[in-house]
Amino acid sequence: MIFDVNVEIGRRSDREIREPWSRDDLLVAIRKFGIDKVLVRHAVSREYDPLIGNELLCREIDGCSEFEGIWAIAPHETSSIDEPEVFLQKMKQNNIRSLVIYPLTHKYLFDVHTWSDIFEIAIEYNIPIFLSLKELNSPWSDIRCVLTAFPDLRLILNDLGSWPMERYFYPLLKNFKELYLETSTMRLPMGIKNICDTFGDHRFVFGSGWPVMTPASALTELRYSAISKEARNNIFSGNINRILGEVKL
Amino acid sequence: MKTKKSIRYYAEKGQPIENAFIIDFHGHIGPYRAFYNPGVSADDLLAMMDRMGIDMSVQFSNAVMSSDHVLGNKAVKEVSDLYPDRIIPFAAVNPRYPEEASNELKYYCGECGWKGIKIHPSGNNYPVNGKLYAPIWEFAAEHSRVVISHSWDEPTCNALAFDEVATNYPDVTIVLAHCIMPDFKGAVELALKHPNIYLELTAAAPLNGLIEWMTETIGVDKIIYGSDLGGWFSPGHGMGPILYADIPDDDKCKILGANAAKILKINEINRN
């Protein structure tokens, strides 16, 4: 089974001509590449408004068994987002088990003061938080500070960058057991194998970066990595299924 | 074509691509200062190639863009001497050391018979159409050597600079690594305008739909697979988009190796 956790639907302001974007485009893509399930976010949540994007997402993926939604969240004091208790109820009603935050795009600091309410709830309910490295100005020191304050926060890093970043994230993987990496840009030679050998394959979840990237890259990188079949299966789906299965909503 | 199974068949199984002769046109020997990259010895490099079914790999040194080109060429020679039928060594030179660059080319491309030259205008912070590069282009023209250059949409190596070089040296086969990323439109315009310009896909291939767009725009004969194999990236991330592209397998074979073999004048070998 292949479970892709890095997928975004919806119209994008910087779309390349002919770039796919819609729910139907995504269905075509996952069938072409043999992807069984996707954790999908909505571009409107990122580019326009989290609440409107979240509602749009639920409408658009309704009835598609291959899709599970991720909702965007932001501090409720300064956004359209509901207070945490109300937000949690809506998550449960809509079968949402994971969240994504966009600190840079939505103009929030990624720090303990801004996000503490949300991170405390995420820890209490085992809700994983997805965060793209593109969303931080000083990603590694910011992540270190937040995880030092919230070591049990399940943080999954998307879009690790065009160039290998091992020297930044190795110390973080060593010190924070609930930090996970998504694979869409993992391409250092032997990189996936070295991390599996050092920290365990459970630190990875599979992501493609669709629609900006073709799933062919991440699929091929993982299929040809020199790791065991069991480790590969865990990265393709086992790890994210376990993480989402442990959400207590 | 080695067998009748489709290229995608092997990709989906994670097995070596047995039905295409594959040349990876972009590889780096040696460490890069910014990466933690254990386990990329010569044997590791060959193991990565075998896992994907890569027959041959063009290799040049990481040192050309970030350090000592003389040291780097020696490191490449050590590996290519170990695996002469798998590694295609290119001499990498820094134009800021004109006399040394000339000597390096005379030795490696002359005495050793290496087939090509690698330059990195961005890493050496010197424009590809600048006067210090002129002797290198002249050497390549005189000795019929292929030149692969880092190309990116930045002042030292953008479409405008390569337009001038390709015009001034029409007999030099120029391979634009990274397709002037992200100015792909500029890259394909150059490939259409200049018979001596080829486009190499390192780092660009993962962008969704790029390969299909390029093949529709310029055909397949001037598109070449490369991955930054070894010192930077593993081959799968860059090869995957070709393996799954919505183009015929014959076209994939051209991109994966036949086009490179043609410009390098290499006959297909059977590693079995």
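Residues numbered from 1 in each chain as written. Chains lettered and ligands numbered in written order. Predicted model: local features only at pLDDT ≥ 70, side-chain atom pairs only at ≥ 80, totals over all residues.

**Regarding the overall build of chain A**
Quick reminder of the rule: Secondary structure elements are taken from DSSP: a helix is a run of H or I of four residues or more, a strand is a run of E of two residues or more, and numbering for both begins at the N terminus. Every radius of gyration here is taken over C-alpha atoms, with the globule rule written as 2.2 Å times N^0.38, N being the number of residues. Partly exposed residues are those falling between the two cut-offs: more than 12 but fewer than 20 other C-beta atoms within 10 Å of their own, whereas 20 or more means buried and 12 or fewer means exposed, with C-beta atoms placed from the backbone. Any pair of residues counts as being in contact when their C-beta atoms, constructed from backbone geometry, are within 7 Å of one another.
Across its full length, chain A holds 10 helices and nine strands. Relative to its length of 249 residues, chain A is compact, with a C-alpha radius of gyration of 17 Å against a globular reference of 18 Å. Within the span of chain A, comprising 249 residues, buried residues form 49% of the whole. Here the contacts in chain A between residues at least 6 apart in sequence split such that 76% fall between residues at least 24 apart.

**Focus: the interface of chain B and chain A**
Each partner contributes residues to the interface: chain B has 28 residues there, and chain A has 28 residues. Of all elements in the fold, only α1 (7-13), α2 (42-52) and α10 (235-243) of chain B reach the threshold of two or more residues within the side of chain B that touches chain A.

**With respect to helix α6 (residues 134-143) of chain B**
Every α-helix winds through 3.6 residues per turn, so residues three or four apart in the chain are directed the same way. Residue and element names in this part refer to chain B. Formally: Directions pointing from the helix axis toward each C-beta atom define the arc.
Every buried residue of α6 is accounted for by Ile 136, Trp 137, Phe 139 and Ala 140. The buried residues of α6 occupy one face: seen down the axis, they fall within an arc of 155°. The first or second residue beyond α6 is Ser 144, which carries a positive phi of 50°.

**Some words on the sheet that holds strand β3 (residues 67-69) of chain A**
All names here are of chain A. The line we're drawing: A strand pair is defined by DSSP finding two or more bridges across the two strands. Angular values range over 0 to 180 degrees, each being the angle between N-to-C directions of two axes fitted as lines to C-alpha atoms, with helices fitted over their stretch in contact.
Strands sit in the order β1-β2-β3 across an open sheet of three strands; the sheet is parallel. Two strands in the sheet have a free side with no partner beyond their single neighbour: β1 (3-9) and β3. Looking at each pair of strands side by side, their axes are set apart by 35° on average, direction ignored. Where strand β2 (residues 37-42) and β3 come together, three bridges link them in parallel fashion. When the sheet's bridge partners are listed, Val 38 is paired in β3 with Phe 67.

**Focus on the sheet that holds strand β8 (residues 179-182) of chain A**
Residue and element names in this part refer to chain A. Across the sheet, six strands lie side by side as β4-β5-β6-β7-β8-β9; this open sheet has parallel pairing. With one partner strand each, in any of the chains shown, β4 (71-72) and β9 (204-205) form the two edges of the open sheet. Bridge analysis of β8 against β9 gives two bridges, and the strand direction is parallel. What sits directly across from Leu 181, in β9, is Phe 204.

**Quick look at the environment of Ile 7 of chain B**
Residue and element names in this part refer to chain B. Turning to its location among the elements, Ile 7 is positioned in helix α1. Each C-alpha atom of the pair Ile 7 and Ile 17 lies 6.5 Å from the other, and the pair is 10 residues apart in sequence. Non-local contacts of Ile 7, meaning those with residues more than four positions away in its chain, are made with Ile 17, Asn 19, Ala 20, Leu 243, Asp 249 and Lys 252.

**Let's talk about the packing of helix α7 (residues 159-168) of chain B against helix α8 (residues 184-193) of chain B**
Axes are the key here: two packed helices are described by the angle between their axes and the distance separating the axes. Residues and elements named next belong to chain B. The following threshold applies: For classification purposes, angles smaller than 35 degrees are called roughly parallel, those larger than 145 roughly antiparallel, those between 65 and 115 roughly perpendicular, and all remaining angles oblique. For any helix crossing, the convention is left-handed if the near helix is rotated counterclockwise from the far helix by under a right angle, and right-handed if that rotation is clockwise. For this scheme, ten residues count as nonpolar: Ala, Val, Leu, Ile, Met, Phe, Trp, Tyr, Cys and Pro. Four count as charged, namely Asp, Glu, Lys and Arg, and the remainder, Gly too, count as polar.
Close contact between α7 and α8 brings their axes to 10 Å; oriented N to C, the two are set at 10°. With respect to α8, the element α7 is oriented roughly parallel. The handedness of the crossing between α7 and α8 is right-handed. Taking contact as the criterion, the partners of Ala 159, Phe 162, Asp 163 and Ala 166 in α7 are, on α8, Gly 186, Ala 187 and Leu 190. Here the residues of the contact of α7 with α8 are counted per class, giving five nonpolar, one polar and one charged.

**Observations regarding the nonpolar core**
The criterion, for reference: One nonpolar core equals one set of buried Ala, Val, Leu, Ile, Met, Phe, Trp, Tyr and Cys residues connected by C-beta atoms within 7 Å.
Leu 99 and Ile 129 of chain A together with Ile 117, Ile 174, Val 175, Leu 176 and Ile 224 of chain B are the most contacted members of the largest nonpolar core, which has 169 residues in total. By residue number, the principal contributor to this core is strand β7 (residues 174-181) of chain B, which donates seven residues. If near-sequence neighbours (up to four positions away) are discounted, Ile 129 of chain A is found in contact with Leu 99, Ile 101, Ala 122, Leu 153, Arg 154, Leu 155 and Ile 156 of chain A.

Structural measurements only, silent on function.
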